[in-house]
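As a plain string of letters, each chain reads:
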Amino acid sequence: MIGLIDANNFYVSCERIFQPALEGRPVGVMSNNDGCVIARSAELKALDIPMGTPAFKLEGLRRRGEIHLLSSNYELYGDMSRRLTQLLRDACPEVAPYSIDEMFVYLEGLTTEQCEGLGRELRQRIRRHLGLPVCIGLAPTHTLAKLANHLAKQASHYQGVCLLNGHDHTTEALLKRTPVGSVWGVGHRLAERLAIGGVNTAWDLRESNEKQLRKHFSVVLARTALELRGVPCLTMNALDKPRERIMTSRSFGQPTGVFAEVHNALRRHAQRSAEKLREQRSLARAVMVFLNTNRHRRDQLQYFPQELIALPSPSDDTRVILDAVRQGLERIHRPRYQFMKAGVMLLDLVDAEQYQMSLLHQPARDRHPFLMATIDQINQRMGQGTISFGMTNAPAAWQLRCAHRSNRFTTRWDELMKVGTHPGAIDACSSRT
Ligand SMILES: [Mg+2]
């Protein structure tokens, strides 16, 4: 059984843990430099404020106290994500982070009931230990687990945990009610094309002829149909399709604790990720670096750190990403551990064209689009890695505007939550001035 744990409105939920007064209120988190809304609470969504709304348009609502807008606090979100992964690792044999707030767990040798029981227990434990609300989808395949998670979020009677075994009446009824566009990896355009052939629901796709799907669409879609039948055939990489984040990771040929070796591997991954980012014409707002020791070597010390670095402005510049990766690695690397795997994840992607067209954003001074395009062209022609970046210098002092950032409660001694006896004390102390 595969489980997908996904935090509800992750950034907003992280903020609410330490500012409970925000519970039940419309809350938005803004991008770096307080540019636009990148995360919304359910209450803010209900006000029909779309993702990406420029912050200045909401200034009136904010000033009247009708909504709360916070600067992004990536250090806090990154640390909460790390804690979530750690909690799951303590409880499950295998954990694979999919994004900052989505993690797959792989459960073996448990009955359906036991899986569901574990799911409910995990959900409670995450709420109690971390304060994070999550939903959990359980199913025999990645695609069904994603769908189960979606259902757990939509319908309150699941109480946050939904299990689809892939072959009973419940699965059938649910798949019949699910538009095909809601299936993982089936985007808007693909859904429109499928509709022409009479494939409207997830059930229709499941019942489609596999060979026809492969012939008229793609191998990936044929595999998705199989996954809906409960036959596991998609790997994590294939699930990358609708790129919400870009991940490059690989195991080392030989485990190593040497900083320079780990750094070298990460530099390669960072450069590859940046290429993928430019290929799909996106910009990243944040970079996550992670390291894994070999969990099968019980005789060795175990350590699965991850670090999230916010970029000063959304970027697809390899040098900016390399800088962030080095900062992240310096924070988490410990030479006494033998690392087995290292990876780079690019997060909170935005469409490059849309971003550059909005007058709100001045192009960053250090952006050299032609330099990156030229390097990509040469590497395409002459082979990957023909031109690559050497060791980068110390990072520039990043001057961020983040007037409404909450405290970094879990990672800074001087920003711990303060508790007082008089009623307004918590509120007064937890907001930065
Ligand atoms: Mg989420």
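Structure's up top.
Rules of the game
Residues numbered from 1 in each chain as written. Predicted model: local features only at pLDDT ≥ 70, side-chain atom pairs only at ≥ 80, totals over all residues. Heavy atoms only, no water. Pairing = 2+ DSSP bridges. Helix = DSSP H or I, 4+ residues; strand = E, 2+ residues; numbered from the N terminus. Axes fitted to C-alpha atoms, helices over the stretch in contact; angles between N-to-C directions. Contact = heavy atoms within 4.5 Å. Buried < 20%, exposed > 50% of the residue type's maximum accessible area, 1.4 Å probe, protein only. Core = buried A, V, L, I, M, F, W, Y, C linked by side-chain atoms within 4.5 Å. Phe/Tyr/Trp six-rings, centres within 6.5 Å; stacked < 30°, edge-to-face > 60°.

### Side note on the sheet that holds strand β7 (residues 134–139)
- Read from one edge of the open sheet, five strands run β5-β6-β1-β7-β8, paired in mixed fashion. Each having just a single partner strand, β5 (94–99) and β8 (161–163) make up the two edges of the open sheet. With direction set aside, neighbouring strand axes in the sheet form an average angle of 20°.
- As defined by bridge partners, β5 adjoins strand β6 (residues 102–106) across five bridges and the pair is classed as antiparallel. Bridge pairing in β6 links Ser-99 to Glu-102.
- Each of β1 (2–7), β6, β7 and β8 touches helix α6 (residues 142–154); the most contacted strand, β7, lies at about 140° to it.

### Description of the sheet that holds strand β3 (residues 37–40)
- Spatial ordering of the open sheet is given by β3-β2-β4, a layout of three strands whose pairing is mixed. Strands with a single pairing partner mark the edges of an open sheet, and in this sheet they are β3 and β4 (68–71). For this sheet, the mean angle separating the axes of adjacent strands, direction not counted, is 30°.
- Relative to β3, strand β2 (residues 27–30) is paired through three bridges, and the arrangement is antiparallel. Opposite Val-29, over in β3, you have Ala-39 as the bridge partner.
- Strand contacts of helix α1 (residues 10–18): β2, β3 and β4, with the helix running at about 110° to β2, the strand carrying the most contacts.

### Here's the deal with the pairing of strand β10 (residues 282–293)
- The buried fraction of β10 is high, at 12 of 12 residues.
- With two bridges joining them, β10 and strand β13 (residues 350–351) adopt antiparallel strand pairing. Bridged to Leu-283 within β13 is Val-350.
- Sheet analysis places β10 next to strand β11 (residues 306–315), joined by six bridges and oriented antiparallel. Each residue of the ladder has a partner; that of Ala-286, found in β11, is Ala-310.

### Here we look at the nonpolar core
- Residues Phe-10, Tyr-11, Tyr-74, Tyr-77, Met-80, Leu-88 and Ile-126 are the most contacted members of the largest nonpolar core, which totals 47 residues.
- Counting residues per element, this core draws most heavily on helix α4 (residues 74–91), at seven residues.
- Residues contacting Tyr-11, with those up to four places away along its chain left out, are Val-29, Ile-38, Ala-39, Tyr-74, Tyr-77, Ile-100 and Asp-348.
- Counting 34 residues, the second largest nonpolar core, distinct from the first, contains Leu-144, Leu-151, Val-180 and Trp-203.

### Some details on the packing of aromatic side chains
- Across all of its chains, the model carries 11 aromatic pairs by this definition.
- Measuring from centroid to centroid gives 4.3 Å for Tyr-11 and Tyr-77, while their planes differ by 10°, and the two rings are stacked. Here Tyr-11 is found in helix α1, whereas its partner Tyr-77 is found in helix α4, with 66 residues between them in sequence.
- Tyr-11 sits in the buried class, given a relative accessible area of 6%.

### With respect to unusual backbone geometry
- One non-glycine residue, Gln-159, lies in the positive phi region at around 50°.
- Following the sequence through the fold, Gln-159 ends up in the loop between α6 and β8.
- Judged by its relative accessible area of 56%, Gln-159 falls in the exposed class.
- A positive phi angle, near 50°, is found at Asp-348, a position not held by glycine.
- Inspection of the secondary structure assignment puts Asp-348 in the loop between β12 (339–347) and β13.

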